Amino acid sequence: MRSEYYANVSSAADEVGRLKSILEEIRSTIGATMGPGGRNVSIGTLGGRHIVTKDGVTVSSYLKYRDGFKNLISGMVNDAALSTVRLAGDGTTTCAVLSTSLMLAFMEMYNDPTARPNLFSISRELQDSADMVVGYLKENRKFIESQEGLDNISKISCNNDEELAKIVSAAVWEAGVDGDVLIQKSKGEQTYRESTRGYSFPTTPFSENFIKDKGAGSTVLDNPVFLIIDGDLESYDEITDIWKEYIEKYVSSAMKREDVRPLVMIVNDIKGKPLATVVRNIEQVPIYCVKCPDFLWRREQLLDDIRFITGTHQVFSNIKGRTLDSFGADFMAKGTLQLKDMKWKEFGTATKCTITKDRCVIVSEVDVTDRVAGIKKAAEASNVPEDDLFLKSRVSRLVSGVGTIFVGAYSESEQGHREGLVDDSVRACFAALREGVLPGAGHALKYACSVLPVSSLLKTACSAPFDLIRKNLGVKESSAESEGHWIGNNPLLDTQINFNDAGIVDPYLVTETALLTAVSVAKQFITTEKFILPENEY
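Because the structure is a prediction, the values reported are computed rather than measured.

A.B. asks: Quick question: what am I supposed to make of the overall build of the protein chain here?
C.D. replies: Looking only at helices and strands, the protein chain features 19 helices and 20 strands. Scored against the burial criterion, the 538 residues of the protein chain give a buried share of 51%. In the protein chain, once contacts between residues fewer than 6 apart in sequence are set aside, the share between residues at least 24 apart is 76%. If you sum the accessible surface of the protein chain, you get close to 25900 Å²; carbon and sulfur atoms cover 50% of it.

Structure, rendered in structure tokens:
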């Protein structure tokens, strides 16, 4: 029997009390994890699994209710947290606290029944204030100059576990700005790290089936082979060409299933029948497809670097309308192959390849010395700043390292918790290394908003992270005033300190992203006048 949809409509002005109660509950639940004094949240799942976490986005993703109205609001906060972790890798608790605080500050305007706020004017003023704060923060950030600087970032993310923090900071510092650090489960209780030279590039797997370890969010392939396709795979015949060559060389000749060398295809796009064929047969024919990095000439140069470190011949599925000159001298020297002409010798190799939801890491033993020297020479000859910057980033990728942190524990629950801490810490360290740092403990946002007018929603909300950190530490409010951007109160001792000298810092990228994402979601909330829900969920 088909169920009918019956709408129940309510107005924001009529739901002020209910909205405040929901927002305060969400802020209190997620905010309990904030800062060095934050506590764990224990989560029971439908499958009976037990999760212990201090990760804001994990907590927000489990805030689902029978009450559809509460789900609407918690869903908005969770969207903000998800966007923050996707863009910055950390800062989800800060984002959730900021977004709920902005919404609560706005709801205070409804206390006066005669006042009807201009919603779009408030939204514009909020965005203008956020842009002003971001500009101030960018001008006053500092950059990391030593591993000790990363130790401070890592220690905060690792919940003050100094031993774990040093393992993370050492792995990130050794990997470098364009390097990468992978996280795996240790077979014992010890946590340790290993480092090797490798090449990392941003990408996306074309199917979730290409991520085999759902818990770790990655696929680790030993002794893989590679095929680079600068083009789209759109027809069944194209994938058949690859299938035939790969099976003949690497699948049929394998004595055991474990001996089959997996194939990683780096392709611009694959969809329809070709993708369905690969996914359907992945257990018997282990082919994994990831997207080519970047665009246009940048993509061609990055693919050429990948071709070099894997020994792959570059294959083009479609070169119609393009002359050999359009590929540049290097491509003409190596020659171009169309997909129909491909043979097994076009496959490259590597020691290991790790695929995650947002990157691919290749470990190879190829000597890159001469190639790096050639790119450096091209960078020196370049008169275009943008080209020079890109060439230097290519050099950095080629010489960077790849670290692996093996997380150990005495129980599965503890191991999951420690993996979450390490993941947050790795992301925070890379963000700090690449974009610089700001004063920590909520001071940066609180001080940056001091220039805003008293009536500003953002000024009120930006004090919330600072206040929550102190509350979780059990520290009373301080009457002392901050003396500057980098000078303020130590939340533990309530004394004036230089945050940079004391090592109490946060990554600039994390703070900026948390702020802008929170403002974006708050603007949606502010300009919402009506709520529509199924009658049975209201």
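Read on, since the account is not over.
A.B. asks: Quick question: what am I supposed to make of the pairing of strand β3 (residues 50-53) here?
C.D. replies: Within a regular beta strand, the side chains point alternately toward one face of the sheet and then the other, so they alternate between its two faces. Both strand β2 (residues 41-44) and β3 contribute to a ladder of 4 bridges, which runs antiparallel. Within the sheet, the bridge partner assigned to Ser42 lies in β3 and is Val52. Once β2 ends, the chain turns through 5 residues before running back antiparallel as β3, passing Gly48 with a positive phi of about 90 degrees.

A.B. asks: Honestly, the sheet that holds strand β6 (residues 218-222) in this entry has me stumped. Any pointers?
C.D. replies: The pairing of strands in a sheet happens through backbone hydrogen bonds and is either parallel or antiparallel. Ordered by their spatial adjacency, 6 strands build an open sheet running β4-β15-β5-β14-β13-β6, and the pairing between neighbours is mixed. In this open sheet, the two edge strands, each paired with only one partner strand, are β4 (180-185) and β6. Recorded for the sheet is a direction-independent mean angle of 30 degrees between the axes of neighbouring strands. Where strand β13 (residues 352-356) meets strand β14 (residues 359-363), 4 bridges bridge the pair, whose relative direction is antiparallel. By the bridge assignment for β14, Cys353 is matched with Ile362. Contacts between helix α13 (residues 385-399) and the sheet are confined to β5 (192-202) and β15 (401-407), with β5 contributing the most and set at about 145 degrees to the helix.

A.B. asks: Help me understand the layout of surface pockets, please; the structure alone is not making it clear to me.
C.D. replies: If a probe the size of a water molecule is rolled over the atoms, the empty space left behind becomes visible. The calculated volume of the second largest pocket comes to roughly 1000 Å³. Residue lining of the second largest pocket: 46 residues in total, with Gly35, Pro36, Ile156, Ser157 and Asp506 positioned closest to the centre. Secondary-structure elements contributing two or more residues to the lining of the second largest pocket are α4 (92-107), α6 (147-157), α7 (162-175), α14 (412-435), α15 (443-448), α17 (464-473), β19 (505-507) and α19 (508-526). Classifying every residue of the lining of the second largest pocket by side-chain character gives 21 nonpolar, 16 polar and 9 charged.

A.B. asks: I'm lost on the pairing of β14 in this one. Help?
C.D. replies: When you tally the buried positions in β14, you get 5 out of 5 residues, the bulk of the element. Residues Arg359, Val361 and Val363 of β14 are buried on one face, and the alternating residues Cys360 and Ile362, pointing to the opposite face, are buried as well. Relative to β14, β5 runs antiparallel, the two being bridged by 5 bridges. Bridging from a neighbouring strand, Phe201 pairs with Cys360 of β14. Taking the residues between adjacent antiparallel strands as the criterion, β13 and β14 are bridged by 2 residues.

A.B. asks: Sorry if this is basic, but what is going on with unusual backbone geometry here?
C.D. replies: Note on backbone geometry: most residues besides glycine have negative phi, and most peptide bonds are trans. Even without glycine at this site, Leu296 takes up a positive phi of about 50 degrees. Summarising the element assignment, Leu296 is placed in helix α10 (residues 296-310). The exposure class assigned to Leu296 is exposed, which follows from its relative accessible area of 66%. Even without being glycine, Ala441 reaches a positive phi, approximately 60 degrees. Note on placement: Ala441 falls in the loop between β16 (437-439) and α15. Ala441 sits in the buried class, given a relative accessible area of 13%.

A.B. asks: Please clarify how the packing of helix α5 (residues 119-139) against α19 should be interpreted in this entry.
C.D. replies: Each pair of packed helices can be described by the angle between their axes along with the distance between the axes. At a minimum axis separation of 10 Å, α5 and α19 run at an interaxial angle of 175 degrees. In terms of their interaxial angle, α5 and α19 are classed as roughly antiparallel. Contacts from Leu119, Ile122, Ser123, Leu126, Gln127, Ala130, Asp131, Val133, Val134, Leu137 and Lys138 in α5 reach Tyr508, Thr511, Glu512, Leu515, Leu516, Val519, Ala522, Lys523 and Ile526 in α19. Residues of the contact of α5 with α19, tallied by class, amount to 13 nonpolar, 3 polar and 4 charged.

A.B. asks: Please explain the confidence of the model for the protein chain as it appears in this structure.
C.D. replies: In low-pLDDT regions, the fine details of the predicted coordinates are not to be read closely. Taken over all residues, the pLDDT of the protein chain has a mean of 84, while the share at 70 or more is 89%. In the model, residues 319-336 has pLDDT below 50 throughout and makes 22 contacts with residues more than four positions away in sequence or in other chains.

A.B. asks: Any chance you could explain the packing of aromatic side chains here in plain terms?
C.D. replies: Two descriptors summarise a pair of aromatic rings, namely the distance from one centre to the other and the angle between the planes of the rings. The tally for this structure, following the rule as stated, stands at 9 aromatic pairs. Through pairs of rings, three or more aromatic residues link up here, namely Tyr246, Tyr250 and Phe347. We note Arg141 situated over the ring of Tyr508; from NZ or CZ to the ring centre the distance is 4.7 Å. A cation over a ring is seen here: Lys273 above Tyr236, with NZ or CZ 5.9 Å from the ring centre.

A.B. asks: I'm lost on the packing of helix α12 (residues 369-381) against α13 in this one. Help?
C.D. replies: Close contact between α12 and α13 brings their axes to 9 Å; oriented N to C, the two are set at 165 degrees. Relative to α13, the element α12 is oriented roughly antiparallel. Viewed along their axes, α12 and α13 form a crossing whose handedness is left-handed. On the side of α12, the interface is formed by Arg371, Val372, Ile375, Lys376, Ala378 and Ala379, while α13 contributes Asp388, Leu391, Arg394, Val395, Leu398 and Val399.

A.B. asks: Just to check I follow, could you spell out the environment of Met109 for this structure?
C.D. replies: Position of Met109 among the secondary structure elements: in the loop between α4 and α5. When its relative accessible area of 28% is taken as the criterion, Met109 is described as partly exposed. Distance in space between the C-alpha atoms of Met109 and Val16 is 9.8 Å, their sequence separation being 93 residues.

What counts, and at which threshold
- Residues numbered from 1 in each chain as written.
- Predicted model: local features only at pLDDT ≥ 70, side-chain atom pairs only at ≥ 80, totals over all residues.
- Heavy atoms only, no water.
- Helix = DSSP H or I, 4+ residues; strand = E, 2+ residues; numbered from the N terminus.
- Buried < 20%, exposed > 50% of the residue type's maximum accessible area, 1.4 Å probe, protein only.
- Contact = heavy atoms within 4.5 Å.
- Areas by Shrake-Rupley, 256 points an atom, 1.4 Å probe, with all protein chains shown as cover.
- Pairing = 2+ DSSP bridges.
- Axes fitted to C-alpha atoms, helices over the stretch in contact; angles between N-to-C directions.
- 1 Å grid on protein atoms, 1.4 Å probe; cavity = no way out; pocket = protein on both sides within 12 Å on 5 of 7 lines; lining within 4 Å.
- Points joined across faces, edges and corners; volume = space filled by probe spheres on them.
- Nonpolar A, V, L, I, M, F, W, Y, C, P; charged D, E, K, R; others polar.
- Parallel < 35°, antiparallel > 145°, perpendicular 65-115°, else oblique.
- pLDDT = per-residue confidence, 0-100.
- Phe/Tyr/Trp six-rings, centres within 6.5 Å; stacked < 30°, edge-to-face > 60°.
- Lys NZ or Arg CZ within 6 Å of the ring centre and 35° of its normal.
- Left-handed = near helix turned anticlockwise from the far one by under 90°.

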